[in-house]
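Architecture at a glance
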Amino acid sequence: CFFFFKQKTAYEISACLVGSEMCIRDRTNVDGVNTIVLKMKTDLERIQIIMKSFDKPLLERERKQMKPLQADDFDQTYKAIIQSKHGNIKSEGSQIHKIVKEIMDTIKIDKKNDKSVNAWKNYQDYINNTVVEGLSNVVQTSLIYINEQLSPAFLKKLDNYLPLFDIRLELGYDDIKYEPAIEEVTHGQSVRNIIKSYILDFYHISTLINRLDTQGVGDYLIEMRDNFDLKYHLSHVTENLDYIEAETEKYRQSFQVYSYLWTSDAKEMFEHFLHEEEEKEVVNQKAAQIAQQAAQEDEIKTLDEGMQMTGQHPLLKGAREFIPSLELFDEHITKMKTIQVEISSIKTPNDIAWIRITSQPLKIALDSKVTNRIKIYTEFLLIQTRVTLKNLVEFVDMIKDGIHLDPSEKPEDNELLMKVMKIISVVKVVEPSTEKIVKRMKEMVSLLKKHNVPMEEEYLNKIDNVYTQFGETVQRVYKVKANILPLQAQEQVNVKKKLEKFQQKVKDFRIEFKETLPFIYDETSGDDKIDQSYELINQWYFKLGEIEKQAKGYNELEILFELEQSGFKDLKDCRQDLRSLKVMWDAVSTVSYTHLTLPTIYSVQISVVAVSLKKKNDNVRTFTY
């Protein structure tokens, strides 16, 4: 169809149209025919001029707007321009329809004359193809222009080229992301979506002019979609978009080396660090204690017993006794600071072809993550220092308050003597480890200063002052201890007598325990025997608790008066027997209440318990049934 119009000029078609109508009716009216033909030719040229006026890129960067724009700004800037051009094309399209109508009104087609109708149809097809060609030229020009703006090879040839888009690289909830996204998205905005929307705007011009060959019904969208040249240029747009997606993804992936900053919990990692290194430290310290035990066995035993009496180390109350070495803390903090410097040195913005990537939001987020991790380490050390120093101050005050009265000046006050002796005992426990704890505090402060951690006090001076007071106070304690030696020796005799009486009480308790508790089961007994047995076990459980509490008090007295520790083995045996009795009577109760034959099943249960008790204590009577 298109080639037909190339072979037959518009002038020839016009002459054919006029000749069929006017020349036949009035061959002498040559001037009239010439006038109509010239008008048709002129109007056709007008249509061609209109279509040629459209042949400019619909999307074209203005020099004053050559800087990279954020997606929203880009859309607002160029959408308005394209809409204006769309309006102009639609207006000029209406003008083309008016021109065609004027030609048709001038010619006055005889619809009964087939030759005349066919000639007019051929003329319409020619104008129609002129419009199709003009519209396809506009779309092609626009696609060529946008391809140049998206082509890395083309952009390299330009001097001082500035990218189209300025997008941000941010840290989202669980990963790094571009804002807006590069790839096509279903909801929201993305770079690919924006480019795609502009291409749709290019093709949209084919719907702004109604078809000329169907009396204004339909549009030219099908011709645009089927145009091979347009498909070719569109494929290049797709290639350029695929390239930018791949390159920007490579750049995004380059930050995955820091993924642990957002994929792992900083506090959990720190707790793991503390726990792992704490276990190593405990093993090392216990090994050191075992190595010293041969030479200082009695002293270590006394210290251990003293610690059992006082509970947690007074200077480490609310603090950790074992922590990783400060060298490891320094190593971790230094490593985090190195990463922080590395992050701050990341180049931003970074241009990839026609995309400018601003990484500052990501840098700020990563720096915040690293700062938080550093703070976890430094805050831990600062809190350990504060708590330990506070404990040391309170401990010194407690000692001063405990020895401000000297028992040697009030020999009749036995309560005062016991109070002071407890203070002396605690000091004996704490003093050997105090120097090490103070040294640890000072090292913590020095490490915090090394890493420029702000502190509200001059901790090093305060630690030295308090430690000096501690030393002076300990000297006073030992002076008081020397003064009360005669009173202590006298009271030691009384304590020994009390201990002898209590040890006899423990033996009597053990004898009564073995005689009273239900170690024997008679299969002829009913449910009443089971209930009575449980009641006895319960009563003796509380009795045992009371006498164990008294035993603990005597152990503390032994520590105070530096006597050998009593193990009170009979009480430990009673405790073990109570557990075994509970197991035995639970088995008896289970068998009885389920109506099973006791000898066939329960004999196995009781035999096991009996053997267990026999191994623990040869004096315990064997269970029978």
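Reading the values: the criteria
- Residues numbered from 1 in each chain as written.
- Predicted model: local features only at pLDDT ≥ 70, side-chain atom pairs only at ≥ 80, totals over all residues.
- Heavy atoms only, no water.
- Helix = DSSP H or I, 4+ residues; strand = E, 2+ residues; numbered from the N terminus.
- Buried < 20%, exposed > 50% of the residue type's maximum accessible area, 1.4 Å probe, protein only.
- Contact = heavy atoms within 4.5 Å.
- Areas by Shrake-Rupley, 256 points an atom, 1.4 Å probe, with all protein chains shown as cover.
- Salt bridge = Lys/Arg side-chain N within 4 Å of Asp/Glu carboxyl O.
- Pairing = 2+ DSSP bridges.
- Axes fitted to C-alpha atoms, helices over the stretch in contact; angles between N-to-C directions.
- Core = buried A, V, L, I, M, F, W, Y, C linked by side-chain atoms within 4.5 Å.

When its secondary structure is counted, the protein chain shows 19 helices and four strands. Every one of the 625 residues in the protein chain was classed for burial, and the buried ones make up 42%. Counting only contacts in the protein chain whose residues sit at least 6 apart along the sequence, the fraction spanning at least 24 positions is 77%. About 34800 Å² of surface is accessible on the protein chain, with carbon and sulfur atoms providing 51% of the total.

For the rest of this paragraph, the subject is the pattern of salt bridges. All chains considered together, the criterion is met by 28 salt bridges. The closest approach of N and O atoms between Arg320 and Glu271, which form a salt bridge, is 3.2 Å. Here Arg320 is found in the loop between α11 (266-310) and α12 (326-344), whereas its partner Glu271 is found in helix α11, with 49 residues between them in sequence. The partly exposed category is assigned to Arg320, whose relative accessible area is 24%. Measuring nitrogen to oxygen at the nearest pair gives 2.7 Å for the salt bridge that ties Glu562 to Lys428.

Before going further, it helps to examine the pairing of strand β1 (residues 165-171). Within β1, six of the seven residues are buried, which leaves the element mostly enclosed by the surrounding structure. As paired strands, β1 and strand β4 (residues 355-358) are joined by four bridges and run parallel to one another. Looking at β4, one finds that Asp166 is bridged to Arg356. Note: β1 against strand β2 (residues 176-179), four bridges, orientation antiparallel. Note on β2: the bridge partner recorded for Arg168 is Glu179. If you look at the hairpin formed by β1 and β2, you'll find four residues sitting between the two strands.

Turning our attention to the side chain of Glu170. Structurally, Glu170 can be placed in strand β1. In contact with Glu170, not counting residues within four places along its chain, are Asp175, Ile176, Lys177, Glu179, Pro361 and Leu362.

The strand order across the open sheet built from four strands is β2-β1-β4-β3, with neighbouring strands paired in mixed fashion. With one partner strand each, in any of the chains shown, β2 and β3 (350-352) form the two edges of the open sheet. Mean inter-strand twist for the sheet, computed between neighbouring axes without regard to direction, equals 30°. Contacts between helix α9 (residues 228-253) and the sheet are confined to β1, β2, β3 and β4, with β3 contributing the most and set at about 150° to the helix.

For the rest of this paragraph, the subject is the nonpolar core. Buried together is how nonpolar side chains tend to be arranged in soluble globular proteins. With 154 residues, the main nonpolar core has Phe74, Phe165, Phe202, Tyr258, Phe329 and Trp354 as its most contacted residues. If one sorts the elements of this core by residue count, helix α14 (residues 414-450) sits on top with 17 residues. Contact partners of Tyr258, with chain neighbours within four places excluded, come to Ile339, Glu342, Ile343, Ile346 and Leu366.

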